Amino acid sequence: MFPGQGDFGLTALLRTLPRTRSLATAVNEVFEEADAVAPEFDVPPIGPRLAGSSPLSVGELAADPPGTVQLALFGVSLAIHRALEADGCRAQRLLAVSFGEIPALTAAGCCSTADGARLACRLGQLLTGHGGGMTLLGTGSSTAARLLAAAGPDARTVVVACVNHSGETVVSGPLDGLSVVEHSATARGIPARRLRLPFMSHHPALTREADAFADFARRLRPTPPRRPVYSVVSGRFHRADSDLPRALSACLTRPFDLPAALCAGLMDASLIVEAGTGSTLTNSVRRIDPRQVALAPIADGRWPTGPPARLPSPRPGPSPTAPDTGASHHSPTATTVRRHT
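Quick caveat: nothing in here was measured; it's all calculated off a predicted structure. (Residues numbered from 1 in each chain as written. Predicted model: local features only at pLDDT ≥ 70, side-chain atom pairs only at ≥ 80, totals over all residues. Heavy atoms only, no water.)

Some remarks on the packing of aromatic side chains
- Under the counting rule described, the total for this entry stands at 2 aromatic pairs.
- Aromatic pair Phe 41 and Phe 216: ring centres 6.3 Å apart, planes at 75 degrees, arrangement edge-to-face. Here Phe 41 is found in the loop between helix 2 (21-34) and helix 3 (47-50), whereas its partner Phe 216 is found in helix 10 (residues 207-219), with 175 residues between them in sequence.
- With relative accessibility at 9%, the residue Phe 41 sits in the buried group.
- A relative accessible area of 12% means that Phe 216 is categorised as buried.
- Taking the centre distance of 5.1 Å and the plane angle of 80 degrees together, the rings of Tyr 230 and Phe 237 count as edge-to-face. (Phe/Tyr/Trp six-rings, centres within 6.5 Å; stacked < 30°, edge-to-face > 60°. Helix = DSSP H or I, 4+ residues; strand = E, 2+ residues; numbered from the N terminus. Buried < 20%, exposed > 50% of the residue type's maximum accessible area, 1.4 Å probe, protein only.)

Written out as structure tokens, the structure reads:
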């Protein structure tokens, strides 16, 4: 699973690097390629700072030019995936959640590491330029929708962006509207926590940014995936004829329902592994289906080695509930899933 931007930290990663040789090697190799394009976006290189003697935090990266955090997340996710496969945990499908589309498609051979880094940096610039924010509500989607409706006209620009599971929903919108929703939620005893993201996502107001991102992605000429990639936002596996630039841009404007996507994208998985530094996706999987074996190797401190049991090949096909944006999903032995936004 390749997660989104809402659950990215560096503390657990920096703790894991010295004791996991495959991960340290993958981080060095990925950022050697990714950092080479950072100057195109006025973004400082990431690799040397991860290898530095003083601990690096996402807060420090956030103080750098827009695109820096996104470059770091892209490179780290791709490196975790490569290290897992180097240690024998080969993914039969890749599950991409929002921003996770970029490292997932890179891992599937749709573009080079350098072009994946370009996509990450450009997306960070476009999102930060619009502003807004996102808030995690400790309730399901139905209650969240009623809360937005009851919050009044000041909250009319806030929308449901992501459903993590029956007890977690993320809403997105302008900061003043989010403040109203958070106050209303607290008054009703519903937990509300602002995510540490200086922008909103999965919001219809980002149409202009989505179009600009699709145009940018189209110039990079991505190719069809060489292994199955399931897009949570699109609700389907990417196909040979998928419009990947349009699918990538849909992550800016369209919401997603993780429980519905997991039923389609992770069916019959023997092991589900999160290719990120957090565990939000993994915890959602465990909450949605406690029978699934799910692992967040960085956050949990448990690094898997060796191949899991062989999975049957997926049967990609359009979802009956999701409109076609040209995106699709993957299927192999271990499945890497990623998290919201």
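Observations concerning the state of the cysteines
- For the structure shown, the criterion picks out 0 disulfides.
- Of all cysteine sulfurs, the one in Cys 110 lies closest to Cys 111, which takes part in no disulfide; the gap is 6.7 Å.
- Look at Cys 111 and you get buried, because its relative accessible area is 17%. (Disulfide = S-S within 2.5 Å.)

Observations concerning the pairing of strand 1 (residues 91-96)
- The buried count for strand 1 comes to 6 of 6 residues, which makes it a mostly enclosed element.
- Pairing between strand 1 and strand 6 (residues 229-231): 3 bridges, direction parallel. Bridged to Ala 96 within strand 6 is Ser 231. (Pairing = 2+ DSSP bridges.)

Remarks on the confidence of the model for the protein chain
- With 89% of its residues at a pLDDT of at least 70, the protein chain reaches an overall mean of 88.
- A low-confidence stretch, residues 309-341 stays under pLDDT 50, and its non-local contacts, those more than four residues away or across chains, total 183 contacts. (pLDDT = per-residue confidence, 0-100. Contact = heavy atoms within 4.5 Å.)

A closer look at unusual backbone geometry
- The residue Ser 98 is not glycine, and still its phi comes out positive at about 55 degrees.
- Looking at the element boundaries, Ser 98 is found in the loop between strand 1 and helix 6 (101-107).

A few points about the nonpolar core
- Formed by 92 residues in total, the largest nonpolar core has its most connected members in Leu 23 and Leu 50.
- Considering each element in turn, this core owes the most residues, 11 residues, to helix 5 (residues 68-86).
- Those residues in contact with Leu 23, other than ones at most four positions away along the chain, are Leu 13, Thr 16, Leu 17, Ala 79, Ile 80, Ala 83, Ile 298 and Trp 303.
- With 12 residues, the next largest nonpolar core counts Ala 144, Leu 147, Ala 151 and Leu 178 among its residues. (Core = buried A, V, L, I, M, F, W, Y, C linked by side-chain atoms within 4.5 Å.)

Section: the packing of helix 7 (residues 113-130) against helix 10
- It is the contact of helix 7 with helix 10, at a shortest axis distance of 10 Å, that shows an interaxial angle of 165 degrees. As far as their axial angle goes, helix 10 and helix 7 are roughly antiparallel. Between helix 7 and helix 10 the crossing geometry is right-handed. Along the contact surface, helix 7 presents Arg 118, Leu 119, Arg 122, Leu 123, Leu 126 and His 130, while helix 10 presents Glu 209, Ala 212, Phe 213, Phe 216 and Ala 217.
- In the contact of helix 7 with helix 10, the residues fall into 7 nonpolar, 1 polar and 3 charged. (Axes fitted to C-alpha atoms, helices over the stretch in contact; angles between N-to-C directions. Parallel < 35°, antiparallel > 145°, perpendicular 65-115°, else oblique. Left-handed = near helix turned anticlockwise from the far one by under 90°. Nonpolar A, V, L, I, M, F, W, Y, C, P; charged D, E, K, R; others polar.)

Some thoughts on the environment of Cys 89
- As for its placement among the helices and strands, Cys 89 is situated in the loop between helix 5 and strand 1.
- Separated by 184 residues in sequence, Cys 89 and Val 273 place their C-alpha atoms 9.2 Å apart.

Examining the environment of Ala 151
- In this fold, Ala 151 is placed in the loop between helix 8 (141-150) and strand 3 (159-165).
- Separated by 32 residues in sequence, Ala 151 and His 183 place their C-alpha atoms 8.9 Å apart.
- Once residues lying within four places of it in the same chain are set aside, the contact partners of Ala 151 are Val 180, Val 181 and Ser 184.

Describing the sheet that holds strand 5 (residues 192-194)
- In spatial order, the strands read 5-2-4-3-8; together these 5 strands make up an open sheet with mixed pairing. Of all strands in the sheet, those bounded by a partner on one side alone are strand 5 and strand 8 (256-257).
- Judged from the 5 bridges that link them, strand 2 (residues 133-137) and strand 4 (residues 168-173) form a sheet pairing that is antiparallel. Bridge pairing in strand 4 places Leu 137 opposite Thr 169.
- Packing of helix 8 onto the sheet brings it into contact with strand 2, strand 3 and strand 4, and relative to strand 3 it is tilted by some 160 degrees.

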